[in-house]
Structure formats: C-alpha cells, structure tokens
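# Architecture at a glance
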Amino acid sequence: MSKASNRTVQIPVTKLTCAGCVKRATSAITSVTDTSNVSVNLATEKAQFTYSDDATLAAVFNALTTAGYPSRAETLELDLVGMNCASCVNKVEKSLSQVPGVLEARVNLASESAWIKFIVGTCTPEQLIAQVKASGYQASLHSHEPGQDVNQHKEQEIKELRMSFWFAFLMTLPVFILEMGSHFIPAVHHWVEHSLGQTLNWNLQFVLTTLVLAIPGRRFYQIGIPNLLRGSPDMNSLVALGTGAAWGFSVVATYLPNLLPANTQHVYYEAAAVIVTLILLGRFLEARAKGRTGEAIKRLVGLQAKQARVERDDEWVDVDIQAIQVGDLILVKPGEKIPVDGTVTRGESYIDESMLTGEPMPVHKSEGATVVGGTLNGNSSLTFRATKVGADTMLAQIIQLVEQAQGARLPVQALVDKVTAVFVPVVIVFALLTFAIWFIWGPSPALTFAIVNAVAVLIIACPCAMGLATPVSIMVGTGRAAEQGVLFRKGESLQTLRNAKVIALDKTGTLTEGKPKLTDLELTNGFDREQLLALVAAVEQESEHPIAQAIVAAADDEGIRIPLAESFQSTTGMGVAATVQGQTVSVGADRFLSELGIDVAPFTERAKELGQEGKTPLYVAIDGQLAGLIAVADTIREGTPEAIRAFHAAGLKVAMITGDNHRTAAAIAHQLDIDKVVAEVLPAGKVAAVEKLRQEFGNLAFVGDGINDAPALAEADTGIAVGSGTDVAIESADVVLMRGDLRGVVTALTLSHKTIRNIKQNLFWAFAYNASLIPVAAGLLYPAFGILLSPMLAAGAMALSSIFVLSNALRLKRA
C-alpha cells in the first residue's frame, strides 16, 4: 500500500443503537494507528476520520468488524480487455489493491474479469476502471442481466485477432520464403541472388516486416513498452523486446552495416515477422478456445425467453421480458419457455425442468405450484403470476453463481502467483545473461549467436500457459457441473470437496424424502381397518406433526371420509387424544397408553420388529381399549443407496446425523450400509456432531437440505445443500444441488476430482515447459550436441503450450 497525503473519509457503520455503541466504535477506529479526528454519528450511522496511509482503511474495517460494528462492503465485477498472461493478472490485481478502500481484488485470466471488494463510500467504479486503464488494460462494468450476450466482446476479440493473423500471415509469407527459402532450397537461393539481389531482397523484407510489426504487431509494443518502462514487464514486453531486437539488428545490418563487426551482417526480419504471426495465431486459437470455456454460461443465458404474453388492460399482449413486472399475469402456451419465476393461477401442465435440475422427467404443475424462468412448458397452457423478474429470477441467480465460481481463486493458485510475480523480470535478466555469455565466450559470429539466443529466451518464456492453467479448468469444470444441476457457489469448494475423507448426511430430507408415509396398520379383534383409520385420521388432522400429516394423507389416498374431532389434547413427545363420534380416541407411544392404564403387551414384539425396520410404531386405543398398531416411516430417497455405494467405492466414510432414536437410526444405517451413526441430535447439536466427525475422520463434507442445516453446512469443510429445483437455498452452502437426489453429490465429487487433476496436469505442463525449454533456448545443448532453438520455433512452442492447456481443460466438457 502506498502513502497518501492526509485524507478525510466517511464510511458507514452498522449496528449502532446507543451512545455506548458510538463510544465503542470510536474507540475501535482510534485504536488503529494513523487515524485522527475520529467521529461517529449515530443518526447517520457513519464514521469520519483522517488518515495518511492507504492501508489504514482496511485496518479500520477489520477493527470495526471485531468490535461488533462492521462497516459495509460492496463487490463489483469488471470485464477486462488486453490481458494475456499470468503477469498481467498480477499487475492488475496489484494496481486495484492500491486503490484506497479496496479490501480484495481477484483477476481471472480465462474469463477476463476482475472481482473487487471495497468499503462503501471509499471509491467508485469509475476510479477502479481508471486504475485498470492506468495499468495498460481496458475495463468496463460487468452486467449480470440474464439477457446480456456474455460473449459479445469475446466474439469481437476473436474477429480482430483473425483479421490481424491473416494480415500478418500474408505479409510474413514472402519474407519467410525469401530468407528461409534461400537457405534450404537452391533454386530459391539462385533466383533471389540473380533476380533481386541482396539489397532489394533485404529492403523488401524490411518493408513487409515493418508492416507486420507496425499494424497487427502494434499491440505488443503499445502495452509491453510502457509496462517495461514502469518496471512491471509482462508477456507483451517479452515479445516487444524479442521482436524489436531482431528487427533493430536487421535494420542496422541493412542500412548501417559498417557499425557491425565483420561476418555479423545478417538479417532476422523473418524471425521478427514469424514470431508475431505465430503468437497472433496462438492468441486467436486461444481466444476461440476460451470462448468455448464459457459455453455453459452462454447456454444458461440462452434458456431465457425473449418475450412473454402479459395481461395488460384485460388484453393479452406480447412484451419484451425486460418489461415484465412482479405481479403481472403471464400466459404460456404449450411448447413455450416460462419467461420468469412465478406461481400458477390457472391451468395445469407438465414442465420440463431438466435444463436447470438435470432431472429428465417433466414435473406436473397445477394451481399454486411454482414455475421457474427458463424451463419448458409441456402439453397445456398455463397462466401464472410473476413473483421474481430480472436479476432476481432463479435462472439469473444460477448464472451469477456460476460466474462467481468461475472467477474463483483456488488455494493451488497461490504457488502460480508467487512464481509469476517475479517470472518476467527474471526472464529478462536471464536473456541479458544469455546475450552476455554468448557475446563474450560464444563462437564467431558471437554477436549473431548472442542476439538469436537472447531473443529465443524472451519468446519461449512467455508465461501464458501458467496464467491459464488454473482458471480455464475452473471455468469448464464449474460450467459442466451447472449443466448437471450442481452449482459450486464457491470455486474453492472444487478443491476442498476433493479432499473430503467423510461424507456426513442429514437424514430427514436428505437420505429420506422428509415426508413420512403410513406403512403398517394392524388391528385387534373386533375393529375394522377403514373405521379405525378414519378415527385416527380425525384426531391427527388437528396436529401439525409430520407423522400426523402422513396418517391423514393415507386416509385421503384411500378415499376415506374423515369425521370431525372434538376436545383435542396433545401431550408433547407422548401422543394425542380427542373425542370422535362419541368415542375417545388415543394415539401415541407405548408410554402414553401405559399412563392411560392401557396394556400394550399384545403388540410389544411387533412394535420392536417395526422399530428395527426403521419405522415409528404408534398405538391406538378406543374408549380405553387397545385397538391397533400403526407404523409410519420416512421413505428412502430414490438414488440414495446408489450414491452411498459410490461414496464407499471412492474410499469415503459415510456418516448419518439424525434426531431419531438410536434404534430407528441404526435400522436405517444398516439398511443403507452407513459407517457411522450420530443419533438423537437436536438441530442445535449438529455443529458439534460435525466437529466430532471431523476430528475422527478428517476433512468433512456435510450434506443437508440447505434450510434447517445452515449452521452445520457453514461449519463443514464443504457444505452441500440438496434442493429440488425451485426450493434451493442458494445462500446456505458451498455447493448447491438443484435436484433433490444424493447422486448429485457423486456428480459434484467426480467433477471436483477431475477438475483438480486437470489443473495439476496443466500446471505441470506449464512449469515443465518453461523449466525445460528456457535452458534449451539459451543454448545449453549447443556445446554437447550443437542444438540451438530458433526464435521462430520458440514462438511456435510458446503458442502451442497455451493451446495445450486450453485443449486439456476443454476435455472436462465431456466429464
């Protein structure tokens, strides 16, 4: 952080309720060195103070947070243009971090975007954009509007690079033929020597090469030279130095040959032109491949309908989707896309939600059901009322989540950052050493060898592949996951999930449907099944307990008329009783009936068997006489056994956390082959259960329904929320499953492993490429084998390394 002259700033302060709060907040700010003239205003909820060191703002922010009166921070995303390598990323991040009030800045080379977190009131988007431009790059505010064409600027970039490459190619081809053809093809050499002569030949090469460097190659000099002069060279600086050296030496050899030592008057126009052409080709292919890494976002955006049929003044009119307002009535005909989120008011149909959830079966929707924008209506017309529009729709939130994940920085990226921070300056020093060694100790003509090898070092070492290695894999991996109904809210969870040793599963709503069903009804002599179920349902319909709802639902499903109950009484944890059609009906646990003086012995053994099957037994008494035994069970979700087998196959331990009693929990665990059971856990005790399991097994992923399990999801190393399309709690976990199926966790684990493996492959290639070829370019193999690396081959190899990394990452699209 830089020193600044004394500045006075106002920042928001929250949770101020009294004069005591003001005093404590003031003390927190005053405790930070370099603050003065501190005042906190309770009415405006703002703090004002003077400081001189830019680092002070972040320190004040942390001090207020620790004191319990946090300031407010906002996040901003910028689209960037002109970045090409890892050193560009470091430069922009460093530049943005120097803006007063910026708490964190992350730049992603693959998505060409910057994510900035800053204290409200300390800086503006315009200042941040100006800071990026001062670093030599272009920036603009990113829009999260779902209708935006997210690839528009990429398509423009691809078009410009294509035109630049073909212009450079057409100018370079005759230069290459004139120079290299003369070396390798006797007929060409004879024709050039006798028809053109050396002077015209070199003049032609000068004109054509200068056109290549001045027009399509100008970008390297416009960015690279200023960065070099600022003391922060990047890849463009390396290309500018390398091609500039080759061109400059050739110009001297052409027009001022007497300035050069004898036997060194050679030209390297073809090297300069070919280097620029090959790098432009590499960038063109790279840009096209990077465009493919964002196809998942493009497909999600493509799900959005462009228009909708809305009721206005008692008429149905077609309007642009941007014109829809919350509360509008919308008509959707068969085969049309649902334009925004809403609630069905009339009609019924089947909706294809596979594009969001990955679930192939259409979902039945009728009055009162929720529909999601981007899904496809089936066989009938529907009318629904808009509840969420624009950036608030589920589809827009999903797009934003995927974009955030794609811009994430994994822990493994820290190594890349450390290397690339010093890489380019070290390469320039190494190139200068190469020049010096060859010039002093090299064979004749030493100057020629020195220039050629120094240029080769500059060109081969461009750190493009290192900068792309991690972000492109994250982009493709998280995009592929989104297509499978798995949303990585935080890209970091790609790495933490891979490290999991145990999968801890909440039972209700995760392993099971969370909707108990009546499974057994046994009678004593003298009672009729239908009559008994009607009496029990009459009592239970007065209760809101899930078990009660299951019994009432069973009676409804069988078409049984449920009578009214009177004098309803509930004993917490025991049972319920009421008068129905003049009879006293009691339903509850064995201890409940025992307190009423009713002997439950006839059903004791059967109740024990049901409990061992994971069912909850309830006894029924009519007018003080034992009448029957009812069993209710929460059914296992489809796909749960398959998912648990997959966890075991991956070498993971599986644990279940439940509030059920030990006997019921053990029965379910035995049925599903679960390794560890933590039973009789109250909702508040789930965090302690997660901590205990982590201590026993290691890195832990917790899977819950995302609503009741928020504390445990936050405590786990990776929190995974299981949803079902529209009811996803996207703020409660690191990973969100759009489909209410544990097989989605298997998908997330698989993609996590494959993405991290892909990143490691990319990093190995990028580092191994530079580590092995820089010494070769410097001429290390020349003394023993007589091998030198041509600058042209160096340019080709450098471009190839980036293409390899991108192509390897794109393999994840098939994962």
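Residues numbered from 1 in each chain as written. Predicted model: local features only at pLDDT ≥ 70, side-chain atom pairs only at ≥ 80, totals over all residues. Heavy atoms only, no water.

### A word on helix H7 (residues 218-229)
Taking 1.5 Å per residue, 12 residues should reach 16 Å; H7 reaches 17 Å between its end C-alpha atoms and fits that length. Residues of H7 that are buried: Phe220, Ile223, Gly224 and Asn227. For H7, the arc enclosing every buried residue in end-on projection is 95°, short of the 170-degree limit, so these residues lie on one face. Along H7, the residues that are exposed and aim more than 90 degrees away from the buried face are Gln222 and Leu229. Glycine 231 sits one or two positions beyond H7 and adopts a positive phi of about 80°. (Helix = DSSP H or I, 4+ residues; strand = E, 2+ residues; numbered from the N terminus. Expected span 1.5 Å × (residues − 1). Buried < 20%, exposed > 50% of the residue type's maximum accessible area, 1.4 Å probe, protein only. Arc of directions from axis to C-beta.)

### A few points about the sheet that holds strand S21 (residues 575-580)
The antiparallel open sheet is built from 6 strands, whose spatial order is S19-S24-S23-S22-S21-S20. With one partner strand each, in any of the chains shown, strand S19 (512-523) and strand S20 (565-571) form the two edges of the open sheet. Going across the sheet, the axis of each strand differs from the next one's by a mean of 20°, ignoring polarity. Sheet contacts for helix H21 (residues 604-612): S19, strand S23 (616-622) and strand S24 (625-636); angle to S24, the most-contacted strand, approximately 5°. (Pairing = 2+ DSSP bridges. Axes fitted to C-alpha atoms, helices over the stretch in contact; angles between N-to-C directions. Contact = heavy atoms within 4.5 Å.)

### Considering the UniProt feature "domain: HMA" (unreviewed entry) in the protein chain
Those residues carrying the UniProt feature "domain: HMA" (unreviewed entry) are residues 7-72 and 74-140 in this numbering. The span residues 7-72 is 38% helical and 30% strand by assignment, and the distance between its end C-alpha atoms comes to 20 Å. For residues 74-140, helix accounts for 33% and strand for 37%, while the C-alpha atoms at its two ends are 17 Å apart. (UniProt positions renumbered as here; feature names shortened; annotations may be inferred.)

### Re a nonpolar patch on the surface
A cluster of nonpolar residues, Val429, Phe430, Leu433, Phe435, Ile437, Phe439, Ile440 and Trp441, forms a patch on the protein surface that exposes about 820 Å² of accessible area. Tracing the sequence through the fold places isoleucine 440 in helix H13 (residues 413-441). (Patch = residues over 30% accessible without salt bridge, like charges linked within 9 Å, V, L, I, M, F, W, Y side chains within 5 Å. Areas by Shrake-Rupley, 256 points an atom, 1.4 Å probe, with all protein chains shown as cover. Salt bridge = Lys/Arg side-chain N within 4 Å of Asp/Glu carboxyl O.)

### Here we look at the layout of surface pockets
Of the voids in this model, the largest pocket is the one considered here, and its volume is about 1200 Å³. What lines the largest pocket is a set of 41 residues, among which His545, Ile547, Thr616, Leu618 and Asp660 lie closest to the centre. Tallied by class, the residues present in the lining of the largest pocket amount to 15 nonpolar, 17 polar and 9 charged. (1 Å grid on protein atoms, 1.4 Å probe; cavity = no way out; pocket = protein on both sides within 12 Å on 5 of 7 lines; lining within 4 Å. Points joined across faces, edges and corners; volume = space filled by probe spheres on them. Nonpolar A, V, L, I, M, F, W, Y, C, P; charged D, E, K, R; others polar.)

### Here we look at helix H15 (residues 464-483)
Across its 20 residues, H15 extends 28 Å between first and last C-alpha, which sits within 8% of the 28 Å expected from 1.5 Å per residue. The largest bend along H15 reaches roughly 30° and is located at threonine 470, with the proline proline 471 sitting one to four residues downstream. Of all 20 residues making up H15, 19 are buried, and the element is well covered by its neighbours. Looking one or two residues past H15, glycine 485 carries a phi angle of roughly 80°, positive in sign. (Bend = angle between axes of the 7 residues up to and from the residue.)

### A look at the side chain of serine 752
When you line up the elements, serine 752 lands in helix H26 (residues 743-778). Exposure remark for serine 752: the relative accessible area of 0% places this residue in the buried category.

### Some details on the environment of threonine 56
Relative to the helices and strands, threonine 56 is located in helix H2 (residues 55-67). Taking relative accessible area as the criterion, threonine 56 reaches 4% and is therefore assigned buried. Along the chain, threonine 56 and lysine 754 lie 698 residues apart, while their C-alpha atoms are 42 Å from each other. Ignoring anything within four residues of it in the chain, the contact list for threonine 56 reads Val32, Thr33, Asp34, Thr35 and Tyr51.

### Looking at the pattern of salt bridges
Considering all chains together, one arrives at 17 salt bridges under this definition. Here aspartate 520 ties to lysine 615 by a salt bridge, and the two come within 3.0 Å at their closest N and O atoms. One end of the pair, aspartate 520, is in strand S19; the other, lysine 615, is in the loop between H21 and S23, with 95 residues separating them in the sequence. With respect to burial, aspartate 520 and lysine 615 carry one shared label: buried.

### Considering the nonpolar core
Most often, soluble globular proteins have nonpolar side chains that are buried together. Ranked by internal contacts, the top residues of the largest apolar core, which has 92 residues, are Leu78, Leu80 and Leu128. Looking at this core, the element that brings in the most residues is helix H9 (residues 269-293), giving 10 residues. (Core = buried A, V, L, I, M, F, W, Y, C linked by side-chain atoms within 4.5 Å.)

### Examining a negative patch on the surface
Residues Glu311, Asp313, Asp314 and Glu315 make up a contiguous surface patch of negative charge. Relative to the elements of secondary structure, aspartate 313 occurs in the loop between strand S8 (307-312) and strand S9 (315-320). Assessed through its relative accessible area of 76%, aspartate 313 is described here as exposed. (Lys, Arg positive; Asp, Glu negative; His and termini not counted. Charge placed at Lys NZ, Arg CZ, Asp CG, Glu CD.)

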